[in-house]
Each structure stands twice: as C-alpha cells, then as structure tokens.
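Architecture and fold: a report
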Amino acid sequence: MTDPSPRRLDESGAPVRFEFEGREIVAREGDSVALALAASGIRHLRDSVVSGDPRGMYCMMGTCFDCLVEIDGQPNRQACMTPVSEGLNVRIQRGAPVVGESA
Amino acid sequence: MSAHVIVIGGGLVGSAVAFGLLGEGQDVTILDEGDIALRASRGNFGLVWVQSKGDGMPEYAQWTRRSADLWSGFAEELADESGVETGYAKPGGMHLLLSEEALEARRDLNNRMHNVNGAAGYGAEILDRKALLEVLPGIGPDVVGGSYSPHDGHTNPLRTLRGLHGAIARRGGRYISGAGAQSITRDGEGYAVETPKGTFRGDRVVLAAGHGNKWLGPDVGLDIPLRPQKGQILVSERTAPFLPMPTHVVRQTDEGSVMFGDSHEDTGYGDTSSTDVIRDLSANAIRCFPHLASLRIVRSWGAVRVLSTDGFPIYQESESHPGVFSVNCHSGVTLAAAHALELAPMIAAGALSPELGVFSAKRFSHD
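We now turn to the structure provided with this report. Remember, it's a predicted structure, so these values are computed and weren't measured experimentally.

**Considering the overall build of chain A**
- The number of helices and strands found in chain A is one helix and seven strands.
- The order of α-helices and β-strands along chain A, N terminus first, is β-β-α-β-β-β-β-β.
- For 103 residues, the compact-globule estimate of 2.2 N^0.38 gives 13 Å, and chain A sits close to it at 14 Å.
- C-alpha extents for chain A along the principal axes are approximately 45 × 25 × 25 Å.
- Relative to its 103 residues, chain A shows a buried fraction of 38%.

**A closer look at the pattern of salt bridges**
Residue and element names in this part refer to chain B.
- Overall, the coordinates contain 29 salt bridges over all chains when judged by the stated rule.
- Note that Glu-342 and Arg-66 form a salt bridge whose closest N and O atoms lie 3.0 Å from each other. Here Glu-342 is found in helix α8 (residues 336–349), whereas its partner Arg-66 is found in helix α2 (residues 58–82), with 276 residues between them in sequence.
- Judged by its relative accessible area of 27%, Arg-66 is partly exposed.
- Salt-bridge contacts for Glu-237 lead to Arg-296; the nearest nitrogen and oxygen are separated by 3.0 Å.

**Things to note about helix α1 (residues 12–23) of chain B**
Residues and elements named next belong to chain B.
- Spanning 12 residues, α1 covers 16 Å between terminal C-alpha atoms, matching the ideal 16 Å at 1.5 Å per step.
- Buried residues dominate α1, accounting for 11 of its 12 residues.
- For α1, the full list of buried residues reads Leu-12, Val-13, Gly-14, Ser-15, Ala-16, Val-17, Ala-18, Phe-19, Gly-20, Leu-21 and Leu-22.
- Residue Gly-25 follows α1 closely and has a positive phi angle near 85 degrees.

**Structural notes on helix α7 (residues 275–288) of chain B**
Residue and element names in this part refer to chain B.
- For α7, with 14 residues, the first-to-last C-alpha span of 20 Å sits near the 20 Å given by 1.5 Å per residue.
- Three or more residues of α7 are buried, namely Val-277, Leu-281, Ser-282, Ala-285 and Cys-288. For α7, the arc enclosing every buried residue in end-on projection is 135 degrees, short of the 170-degree limit, so these residues lie on one face. Exposed positions of α7 whose direction lies more than 90 degrees from the buried face are Thr-275 and Arg-279.
- For α7, the secondary structure elements touched by its buried residues are β4 (93–97), β13 (226–236), β14 (250–252) and β15 (258–260).

Criteria and cut-off values
- Residues numbered from 1 in each chain as written.
- Chains lettered and ligands numbered in written order.
- Predicted model: local features only at pLDDT ≥ 70, side-chain atom pairs only at ≥ 80, totals over all residues.
- Heavy atoms only, no water.
- Helix = DSSP H or I, 4+ residues; strand = E, 2+ residues; numbered from the N terminus.
- Rg over C-alpha atoms; globule rule 2.2 N^0.38 Å.
- Buried < 20%, exposed > 50% of the residue type's maximum accessible area, 1.4 Å probe, protein only.
- Salt bridge = Lys/Arg side-chain N within 4 Å of Asp/Glu carboxyl O.
- Expected span 1.5 Å × (residues − 1).
- Arc of directions from axis to C-beta.
- Contact = heavy atoms within 4.5 Å.

Here it is in structure tokens:
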C-alpha cells in the first residue's frame, strides 16, 4: 500500500538510513520512524490483532497506538514515538506478540 | 400501564434499568450529567463476578448469581438490538492466593458461602497449586492456590455501555446529556426534575446517579449512605492470549490487552493515578504472572467506586415520595443483567418486590 505522491515539506537535516522489511529507507535526522515511512510512501505498518486488517499511522503523537511496528526484534513499538537512528531494523507487526512461554 | 419514567444517570446502572423499562413498554428519558461526572461505568475493570459477593447478606449472593446467570442472554439481546458485541465471556474466574493464610481465609469464606447458599448456589472451590498450574500454567512461584468459580466471567464495560445506549435509542428511549439533575420536586401526581437543560416531568423517577444519589436523596425523602473508594487500573500493550480466564488482579481482554487492578483507596472523590499504587499493582500482577514484567503499560487511570457503607446494594422506593426509586451499587457491570431483566420490570409494575426489601437503606437505621 503506497501513496503515489509522498512529499516531504522539510528537506533539511542529515540523512539517516534504516531498514523497513528489508528495504532501505532514507530518513532525515529528527524524523520519527512513522514520519520517515510516510515520506517514503509506506502506509501499512501492522495487521490488526482483532480483524487482521492492515493498519497505518493515525494520530502521529503517541495516543492511538495504531502505528505499532517491530523494531530491532522488539514488538509493539510506536513508530511515531521512536526517533530514527542509523541501521534500525523495522518490521511490519503481524498479530499480537507473545509474552513469556508461548501459551 | 405505560408511565413516563425519568432515569437520572446514564451510566451502566441507569442505562440497564432504562433498557429494561423500555422493554416493559415504559416511556423513558435518561438525564445524564455529562463528562464532568465521576463515571464509574467508564473506569472499571469489567468483571462479571460472583465469588466472594454477599458474605453476610445471602440475598446479595443470590442476586449476584441471578445476574450472572442472565448475563449471556442479556449480552445477546444487546448485540441483536445495537449491533455491539460486549465481549462477554464466562470461562469462570480465579481469585489467586499468595499466602497460606490467604488460602485458609478463602477456604473459610467459600465454606461459609456454601453453608448459606448451598454448593449449587455458590460453587466456588479451592484449587491447590498443582491443580491451579494445570489451568493457569503461567503463575508465579508465590501463588499457593486459587479459588475458582464457574459462575464468574468478564465483559468490555465500555462496549456494554455503548450497546445499552444503542439499544435504548432503538427502543425509543431519550438520552439527554449535560442534564445533571439539580432538584426533584413534586408535580401533581408525578415529579419535576430541574436540570441545566430545562425541567423534565415524569410519572416516576429512578435515581441512578452513582454518588449523585447521595445529594439528590434528601429531595425525595431518601437517606442513602454511600462512600467513595478509588480503584486504579493499568493497561498493557496487546499480547497473544495467555490467560484463559479473568482473575481478580489481572484480566486479558478479548483484544489482547492485559488489565491490572484490585487497588482500594480512601481518597475521597479524587480519581488521579498515583505512582505508589501503580508500583504496587505492577508488583502484585508480576508476582501472579512473572512474564507480565516484559510488557509495557500503555494507559493508567483511577476511578471512584460507588459503595454503600456496608458494601451491599441499596434498592429502595421512597415512602414519602412514591414512584421514586433509588438504585445504588458498586457492581454495575455484574448486576447489569439483573437490573435490566429483574429490577426494571418491578419498577415498571410500580413497586419493588418484597424479596428486595432486605436491600432497603432502612438496614442502616438503628432506632
């Protein structure tokens, strides 16, 4: 699911590179992961635990918990609240993570 | 005979009664205070819970059990009429015990309840650690046992409330917000309720305003002794299902969030979260289920329980103001089905049945 015309309003800041589903994303210093993905035309960040439907960004300020992704192996990270840093490994989150031993 | 009934309070108690009244063919207007209200219905844990309720008042144990028995039909009715699934499930419930003393005290309680209500009427049993491990494999080393009741369950309280409001609208009830009752006065054969949205007239009035009942009671000859008690709740990020039934400290919702609760504070009508209680709730939940330590908490809140001074519900028609009924209870979720399907028909018929006499506030007067 990509937006055909993502447009970044502010092109300043040093480039920061990280991975999303194996694809290289070039962000700007100070971006959140969600912002960097949006600017790259990526909208599908996880699948709903309840319906399995795709979910993306909504509030962009930490409130809605829609933009959950897996970052460096840690699930349920809020993409909008996580600043980009060089070499992050970001994955789509599919379903709910398991705590402890799998039930 | 159809009457116009004004229900003061649009939370779980008022809405359940209003839903039931509409089912009896009554004309109903709900007057709700608005979002400045304490809103116990929007801050609670969501248990539909039977075990431990009614120690010292067997009629309350029976009333609670009756509601639990009615709950699945009630949830189906709400889903049919409103399209909102409440998330109600009845897998039984577990009270976890963290010391031998607590286990013995709980065994004594269950024995007392069985003696009074009969095993079929109560039905909670003590499981030792070994038996408990088979049901809840994730428990921590400090858990010595549990009390299991097959009559316990849980629901999503917000969806339950939304289902009620949807069904009320569909049944032709009116809901008016920003209309907190300021006074109730006689108006011919009926009553007039003054609110910031104007004066509403009804043949009958149901007081279901939570703590507001305490302030409104004197207008209609009712002295309702209520006290506030704060409870705090933490909610974790969603996780794969690991908890097959609710416990009194931790429950996992059908969408995967884990709620931690069971705090009790006497801090008046304040509903703010506090670090010390959040710490204790977390520590207690982790003692029960150690792997919860890896979960992040995403929300916390406090809410104020509506408790009578002895903890049991108060149902009463005013003697000086016939047709005015007051409904007061802590367990608005558990009792929602009984309020809709048993209590409301009594109010529609014009009198509480004698079996509810034990719940009158007269029990507090020592003449």
